[in-house]
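# Geometric and topological summary
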Amino acid sequence: MQYSLGRVLIKLSILSVDMALSTRYLALVVSALLLSAAYGQLSANFYSTSCPRLQTIVRSVMTGAVNSDRRMGASILRLFFHDCFVNGCDASVLLDDTSSFTGEKTAGPNANSLRGFEVIDNIKTQVEAACNATVSCADILALAARDGVVLLSGPTWSVPLGRRDARTASLSGANSQLPGPGSSLSTLISAFSAKGLTASDMTALSGGHTIGQARCVTFRNRIYNDANIDSAFATTRRGNCPSSGGDGNLAPLDVQTAASFDNAYYQNLVSSRGLLHSDQELFNNGSQDSLVRTYSQNNARFASDFAAAMIKMGNIAPLTGTNGEIRGNCRRVN
């Protein structure tokens, strides 16, 4: 009787463990499904079978482009940002205007500003030769943005893939949803929040301004009228950005290491040497001051947070499954 009771107790114990494991397994499955849904069912190995050379091709073309023009890494990164903030990361920003179609290239934040389209064209041509009608322009842009950062000594990350390309674009969205160089901190936070990104995400992503250059027209008001600016820095910038004229004259967004992806951008902000008004708003007695100071002292923390925020931004409303299309030419719909 004792032996039988013992066996019953053992079986009950095993059953209890099995139920606990099953419950835990179910929770993990549900969590994975929710995560998959949240990220548009993108996957880092989406093309591992259908286009195994994809990432090698993208890296090769980007290496040549950045070696020829160090600024190109920043330009492609900006191109990706301007794409994702208008109707999601769907390559709509790459579409040319036609007699019957209006794209986003002529929007205020994009016209005479965005560059690097020919680099994406070059990648697309080589990818099509390797695996025809398989890889979206949206995914090519996401990979190219990552590689541009890496090639300028920045962090790397695994890019979730599986986006499809839009058949439409939104000129009005590009004009209204992209935060401008004169934006206040509250405007920046609201613009990023509208895309599902936190204030911390916004501050980390703004670190992309550690590379690249800006046109005089975007920072003229700051260097002549802002009070929270280092006087010597303002005087230097006025040297090639007169109070009128010279709108296209360029200056580095990061005065210290313009062609290296690092945390010097935040060090500049702490020293009141942010080039754009919107940059300096991140360190102006506001809610992001503490995080900016942290990044200015801890490059590893910045690199990690930037990579995580890039993955998050890259998952803004992607087209997946049978939505959209795989464009044969990134500049026009099929």
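Residues numbered from 1 in each chain as written. Predicted model: local features only at pLDDT ≥ 70, side-chain atom pairs only at ≥ 80, totals over all residues. Heavy atoms only, no water.

## Quick notes on the overall build of the chain
Operational definition: Put simply, DSSP marks the helices as runs of H or I at least four residues long and the strands as runs of E at least two long, and each gets a number from the N terminus on. When a residue's accessible area, from a 1.4 Å probe over protein chains only, is under 20% of the maximum for its type it is buried; when over 50% it is exposed; and in between it is partly exposed. Pairs of residues are marked as contacts when any of their non-hydrogen atoms sit within 4.5 Å.
Looking only at helices and strands, one finds 14 helices and two strands in the chain. Classification of the 334 residues of the chain by burial places 46% in the buried group. Nonlocal contacts in the chain, meaning residues at least 24 apart in sequence, comprise 75% of its contacts between residues at least 6 apart.

## Notes on the environment of Ser176
For clarity, the threshold we go by: For this analysis, a polar contact is any N or O atom pair within 3.5 Å, provided that within protein one partner can donate a hydrogen and the other can accept it, and provided that sequence-adjacent residues contribute only side-chain to side-chain pairs.
Note on placement: Ser176 falls in helix α6 (residues 171-177). Looking at Ser176, the relative accessible area reads 58%, which means it is exposed. Sequence separation between Ser176 and Gly108 is 68 residues; the distance between their C-alpha atoms is 9.2 Å. Reaching out from Ser176, the side chain makes a polar contact with the backbone oxygen of Ser172 at a distance of 2.9 Å.

## Some remarks on the state of the cysteines
To keep things clear, this is the line we draw: The definition used for a disulfide is geometric: two cysteine sulfur atoms within 2.5 Å.
Enumeration according to the criterion identifies four disulfides in this entry. Between the sulfur atoms of Cys51 and its disulfide partner Cys131 the distance amounts to 1.8 Å. In this pair, Cys51 sits in the loop between α1 (2-38) and α2 (54-68) while Cys131 sits in the loop between α4 (117-130) and α5 (137-151), placing the two residues 80 residues apart along the sequence. With respect to class, Cys51 is no different from Cys131; both count as buried. The partner cysteine of Cys216 in its disulfide is Cys241, sulfur to sulfur 1.9 Å. Handedness here is read from the sign of the S-S torsion; for Cys216 and Cys241, about 75°, the answer is right-handed. Linking Cys216 in helix α9 (residues 216-225) with Cys241 in the loop between α10 (231-238) and β2 (250-252), this pair joins segments that are 25 residues apart in sequence. Of the two residues, Cys216 and Cys241, neither departs from the other in class, the shared state being buried. Within the chain, bonded cysteines paired by disulfides and numbered along the sequence follow the pattern 1-4, 2-3, 5-8, 6-7.

## Notes on the UniProt feature "binding site: Ca(2+) 2" (unreviewed entry) in the chain
Where we set the bar: UniProt positions are given in the numbering used here, feature names are shortened, and annotations may be inferred rather than shown by experiment.
The feature "binding site: Ca(2+) 2" (unreviewed entry), as annotated in UniProt, sits at Thr210, Asp254, Thr257 and Asp262 in this numbering. Spatial clustering of the annotated residues is evident: they stretch over 53 residues in sequence, but the largest pairwise C-alpha distance comes to 9.7 Å. Position of Thr210 relative to the elements: it lies in the loop between α8 (199-206) and β1 (213-215). Here Thr210 is in contact with Asp254, Thr257, Ala258, Ser260, Phe261, Asp262, Ala264 and Tyr265, once residues within four sequence places are set aside. By the element assignment, Thr257 lies in the loop between β2 and α11 (264-270). Apart from residues no more than four positions distant in its own chain, Thr257 is found in contact with Thr210, Asp262 and Ala264. A distance of 2.9 Å separates polar atoms of two side chains, one belonging to Thr257 and the other to Asp254.

## Examining the packing of α8 against helix α13 (residues 289-297)
In plain terms, the rule: Only C-alpha atoms enter the line fits that serve as axes; for helices the fit covers just the stretch in contact. Angles between N-to-C directions range over 0 to 180 degrees. Should an angle fall under 35 degrees it is taken as roughly parallel, and over 145 as roughly antiparallel, whereas 65 to 115 is taken as roughly perpendicular and any remaining angle as oblique. Helix crossings fall into two classes, left-handed where the near helix is turned counterclockwise from the far one by less than a right angle and right-handed where it is turned clockwise. Each residue gets one of three labels, nonpolar for Ala, Val, Leu, Ile, Met, Phe, Trp, Tyr, Cys and Pro, charged for Asp, Glu, Lys and Arg, and polar for the others, Gly among them.
Between α8 and α13, the least distance of the axes is 10 Å, while the angle of their chain directions is 40°. It follows from the interaxial angle that α8 and α13 lie oblique. You can see that α8 and α13 cross each other, and the crossing is right-handed. Every residue of α13 that contacts α8 at Ser200, Thr203 and Ala204 is listed here: Leu291, Val292 and Tyr295. Of the residues contributing to the contact of α8 with α13, the split by class is four nonpolar, two polar and no charged.

## Comments concerning the UniProt feature "binding site: substrate" (unreviewed entry) in the chain
Taken from the UniProt record, the annotation "binding site: substrate" (unreviewed entry) applies to Pro179. Here Pro179 shows up in the loop between α6 and α7 (185-193). For Pro179, a relative accessible area of 22% gives the class partly exposed. In contact with Pro179, other than residues within four places in its own chain, are Phe81, Phe85, Leu188, Ala191 and Phe192.

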